[in-house]
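Working through the structure, step by step
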Amino acid sequence: ECVVSSECPLDKACINQKCKDPCPGACGLNAECHVRNHSPLCACRTGYTGEAFTSCQPIPPPRTPEPPQADINPCIPSPCGPYSQCREVNNAASCSCLTEYIGAPPNCR
């Protein structure tokens, strides 16, 4: 029926001397094929990405940013014990006995 593809309609190609659709087997997984000027053109389906002639994978959903962590006060609850005070120093708890008390937290007396 044909010797070269130009002897076929534009949406067909000359395959084994027959005007045939060149799409079957031309594209990869999750790809669609359209014929243009006797040649198969492959494109990933909507929602997919990749190399259409080999394989298209689902487009991953956009990453949602982690919510900002609330500032954590190391003195709540107080790790210092009775008769002591807690102060935040460099994001850590710093314990000291209240005035008029002696010892070292948590053993202020």
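Residues numbered from 1 in each chain as written. Predicted model: local features only at pLDDT ≥ 70, side-chain atom pairs only at ≥ 80, totals over all residues. Heavy atoms only, no water.

**Some details on the pairing of strand β6 (residues 55-58)**
What counts here: Pairs of strands are assigned from DSSP output, requiring at least two bridges between the strands. Runs of H or I in DSSP of at least four residues are treated as helices and runs of E of at least two as strands, each being numbered from the N terminus.
When strand β5 (residues 48-51) meets β6, the two strands line up antiparallel, connected through four bridges. If you follow Tyr 48 over to β6, its bridge partner there is Pro 58. Where β5 folds back onto β6 in an antiparallel hairpin, the turn is made up of three residues.

**Some thoughts on the environment of Ser 78**
Quick note on the threshold: Polar contact is defined as a pair of N or O atoms within 3.5 Å, subject to the rule that within protein one atom must be able to donate a hydrogen and the other to accept it, and that residues adjacent in sequence are counted only when both atoms are side-chain atoms.
Following the sequence through the fold, Ser 78 ends up in the loop between β6 and β7 (84-89). Along the sequence, Ser 78 and Ser 39 sit 39 residues apart, while their C-alpha atoms lie 75 Å from each other. A distance of 3.2 Å separates a polar atom in the side chain of Ser 78 from the backbone nitrogen of Cys 80.

**As for the environment of Glu 32**
The test is simple: Note on contacts: a residue pair is in contact if any heavy atoms of the two residues lie within 4.5 Å.
Within the fold, Glu 32 resides in strand β3 (residues 31-36). The contacts of Glu 32, once residues within four sequence positions are left out, are Cys 27, Leu 41, Cys 42, Ala 43 and Arg 45.

**Focus: the UniProt feature "domain: EGF-like" (unreviewed entry) in the protein**
How we decide: UniProt positions are given in the numbering used here, feature names are shortened, and annotations may be inferred rather than shown by experiment.
In this numbering, the UniProt entry assigns the feature "domain: EGF-like" (unreviewed entry) to residues 20-57 and 71-107. With 0% helix and 53% strand, residues 20-57 has its two end C-alpha atoms placed 29 Å apart. Secondary structure content for residues 71-107 is 0% helix and 32% strand, and the end C-alpha separation is 28 Å.

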